[in-house]
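Close look at the chain arrangement
These are the residues of each chain, in order.
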Amino acid sequence: MASAAFTINSTAVPQTSGNAVEVTYGSTVSLALSSTVGAVSISWAIVGVSGVSTATPTITPAGTPLGATATFTVCSDPGGGGGTAYGVRCRVTDGAGTISESFGVVGVPATVGVVPMVAGE
């Protein structure tokens, strides 16, 4: 069975601390499957955001096989100091049709220093 374990900006998720991977507004987030062994199909999705006004970014897959890596851009600062966060899912299908999934959270900390939670977290 292929693994869906992945990194966000070279940090394995979920982090042992349980914290989200911290980024800055407007930055590019890099996603990478930890191993492509056995992977036939790889897909990425934003499965939750931190607020109803937070737009869901478009993930652009790349790499070999397609989706082994991917990127998306964090929104601009909406003001208010609340931070923003995205829940990311990686889904890998192997040659036998078995699906593996893994999840991570990435975001910009609020002024209180903590990345907000995402819907469904």
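In the block above lies the structure referred to throughout.
My aim in this report is to walk through the structure given alongside it, one point at a time. (Residues numbered from 1 in each chain as written. Predicted model: local features only at pLDDT ≥ 70, side-chain atom pairs only at ≥ 80, totals over all residues. Heavy atoms only, no water.)

Our next topic: the sheet that holds strand β4 (residues 28-33). In spatial order, the strands read β2-β1-β4-β7-β6; together these 5 strands make up an open sheet with antiparallel pairing. Edge positions in the open sheet fall to β2 (11-13) and β6 (60-62), since each of these has one partner strand only. Within the sheet, the average angular offset between the axes of one strand and its neighbour, ignoring direction, is 30°. Both strand β1 (residues 6-8) and β4 contribute to a ladder of 3 bridges, which runs antiparallel. From the neighbouring strand, Ile-8 faces β4, where its bridge partner is Leu-31. (Pairing = 2+ DSSP bridges. Helix = DSSP H or I, 4+ residues; strand = E, 2+ residues; numbered from the N terminus. Axes fitted to C-alpha atoms, helices over the stretch in contact; angles between N-to-C directions.)

A separate point is the nonpolar core. One finds Leu-31, Trp-44, Phe-72 and Val-106 to be the most contacted residues of the largest nonpolar core, which totals 26 residues. Among the elements that make up this core, the one with the highest residue count is strand β5 (residues 39-49) (5 residues). Val-106 has contacts with Ile-8, Ala-20, Val-21, Val-23, Val-29, Phe-72, Thr-84, Ala-85, Tyr-86 and Val-88, leaving out every residue within four places of it along the chain. Listed in part, the 5 residues of the second largest apolar core include Ala-20, Ala-85, Val-115 and Val-118. (Core = buried A, V, L, I, M, F, W, Y, C linked by side-chain atoms within 4.5 Å. Buried < 20%, exposed > 50% of the residue type's maximum accessible area, 1.4 Å probe, protein only. Contact = heavy atoms within 4.5 Å.)

Attention now goes to the sheet that holds strand β8 (residues 84-94). With mixed pairing, 4 strands are arranged side by side in an open sheet as β3-β9-β8-β5. Sheet topology places β3 (21-22) and β5 at the edges, where each strand pairs with a single neighbour. Looking at chain direction, β5 and β8 are connected through 9 bridges and run antiparallel. Paired with Ser-43 across the two strands is Arg-91, which belongs to β8.

Next up on the list: the pairing of strand β7 (residues 69-73). Side-chain positions along a regular strand alternate between the two faces of the sheet. Residues Ala-70 and Phe-72 of β7 are buried on one face, while the alternating residues Thr-69, Thr-71 and Thr-73, pointing to the opposite face, are not. Here β4 runs beside β7; their pairing, made up of 5 bridges, is antiparallel. Bridge pairing in β7 links Ala-32 to Thr-69. The antiparallel hairpin formed by β6 and β7 contains 6 residues in its connecting segment, where Gly-63 sits at a positive phi of about 85°.

Turning to the pairing of strand β9 (residues 99-108), a few remarks are in order. Along β9, 7 of the 10 residues are buried, which leaves the element largely enclosed by surrounding structure. Here 2 bridges tie β3 to β9, and the two strands are oriented parallel to one another. Bridged to Glu-22 within β9 is Gly-107. Between β8 and the antiparallel strand that follows it, β9, lie 4 residues; Gly-97 among them carries a positive phi value of about 85°.

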